[in-house]
Amino acid sequence: MEIQYRFDIAFLIEKKIMASQKMLVRDVIKKADVLLEVVDARFPEDTRNSEAERDITYAKKPFIIVLNKCDLVPKEKLEKAKTRMAKIAPAVFVSSKEKFGTTMLRHKILEVANIQGRDIIVGCIGYPNTGKSSVINGVTGKNKASTSAISGHTKGIQIVNAGSRIVFLDTPGVIPFDEHDEYMQGLLSIKDATHLKDQIGVALKIIEKLVVESKETLESCYNVTTGDKNSYEILEMIGMQSNFLKKKGEVDETRAAIKIINDWQKGSLMTYN
Ligand SMILES: Nc1nc2c(ncn2[C@@H]2O[C@H](COP(=O)(O)OP(=O)(O)O)[C@@H](O)[C@H]2O)c(=O)[nH]1
Ligand SMILES: [Mg+2]
């Protein structure tokens, strides 16, 4: 078995897998004993990948949902999300940034894989920027998997030996949604504000999300009262409050939109529901 797995890894490297991202994920599912689906704890449902989950179930492999970036989410919200996720698969919350939950995750991997006498191969999948490489580094305790704030940093499959019988296969993120879905690209920091075409549209969606999930965050962060105003009026108010005005005194909505997207991506707009 050991020889077989070494051969597989050598094979992976030699072939320099150039297959499409989907094929690459399927390949990782095939090679792995257990899969980690890394989702963003701020919006776990939005960042689940149902297609990959189907492939995992079809391959009869166990998987763990990792709610990463939990440092950006209040505890009550995390607990609720964990309960929802636990109906699908074992769920663990982690903050790779604050080194929280990584020991628990390591235990969970060993428990779920239930493999004796050889290394456990753990495939790591998920959307770009959910923190797959950071989670691997968290469990490994060293910066072995390369991470980046710029999405698409991990190319091909990276093999990371985490010690204590765990070998990770890191993948670049799969983007199952339409490439032009700017809202998700903004939300997940796949693109920064300056690279989004419809900055106002993305900012309005972020405002709508916050109005539903956490009006207080929006109000306290920008010192505005939202009342029953619509997202556009709220954007205008935020622009006004930030003193983003054009020559004739009207609000510079694009500037306000960029600020909101930047604040979201920096993690200043935590949601409390
Ligand atoms: N706040 C916070 N940021 C994180 C966490 N994990 C990763 N990040 C950040 O998210 C970005 C993407 O991380 P990376 O591991 O490269 O994501 P990948 O594309 O899924 O491999 C980087 O800027 C990381 O610093 C976390 O637990 N908390
Ligand atoms: Mg990565």
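Engineer: Describe the pattern of salt bridges, and please don't skip the residues or the numbers.
Structural biologist: With the rule as written, the count across this model stands at 13 salt bridges. In this structure, the salt-bridge partner of K209 is E213, at a minimum N-O distance of 3.1 Å. Of the two residues, K209 and E213 both sit in helix 8 (residues 199–213), 4 residues apart, roughly one turn of that helix. Members of the salt-bridge network, linked through shared partners, are D46, K77, K209 and E213.

Engineer: Give a detailed account of helix 6 (residues 132–140), specifying residues and quantitative values.
Structural biologist: Since the α-helix advances by 3.6 residues per turn, residues separated by three or four positions end up pointing in the same direction. The element helix 6 is extensively covered by neighbouring structure, given that 8 of its 9 residues are classed as buried. Within the span of helix 6, buried status applies to K132, S133, V135, I136, N137, G138, V139 and T140. The inward-facing, buried residues of helix 6 contact strand 1 (34–40), strand 2 (63–68), helix 5 (102–113), strand 4 (120–125), strand 5 (158–163) and strand 6 (166–170).

Engineer: Now, about the sheet that holds strand 5: what can you tell me, with residues and values included?
Structural biologist: Spatially, 3-2-1-4-6-5 is the arrangement adopted by the 6 strands of the open sheet, whose pairing is mixed. Edge positions in the open sheet fall to strand 3 (91–93) and strand 5, since each of these has one partner strand only. Between one strand and the next, the sheet's axes are offset by a mean angle of 25 degrees, whatever the strand orientation. The pairing of strand 1 with strand 2 spans 6 bridges and is parallel. When the sheet's bridge partners are listed, L35 is paired in strand 2 with F63. Of the strands in this sheet, strand 1, strand 2, strand 4, strand 5 and strand 6 are in contact with helix 6, which crosses strand 6 at around 165 degrees.

Engineer: Break down unusual backbone geometry for me, citing the residues and quoting the values.
Structural biologist: In this structure, N114 is a non-glycine residue whose phi angle is positive, near 50 degrees. Relative to the helices and strands, N114 is located in the loop between helix 5 and strand 4. Residue classification places N114 among the exposed positions, given a relative accessible area of 56%. For N223, which is not a glycine, the phi torsion comes out positive at approximately 55 degrees. Within the fold, N223 resides in the loop between helix 9 (215–222) and helix 10 (231–241). Exposure remark for N223: the relative accessible area of 57% places this residue in the exposed category.

Thresholds, definitions, all that
Residues numbered from 1 in each chain as written. Chains lettered and ligands numbered in written order. Predicted model: local features only at pLDDT ≥ 70, side-chain atom pairs only at ≥ 80, totals over all residues. Heavy atoms only, no water. Salt bridge = Lys/Arg side-chain N within 4 Å of Asp/Glu carboxyl O. Helix = DSSP H or I, 4+ residues; strand = E, 2+ residues; numbered from the N terminus. Buried < 20%, exposed > 50% of the residue type's maximum accessible area, 1.4 Å probe, protein only. Contact = heavy atoms within 4.5 Å. Pairing = 2+ DSSP bridges. Axes fitted to C-alpha atoms, helices over the stretch in contact; angles between N-to-C directions.

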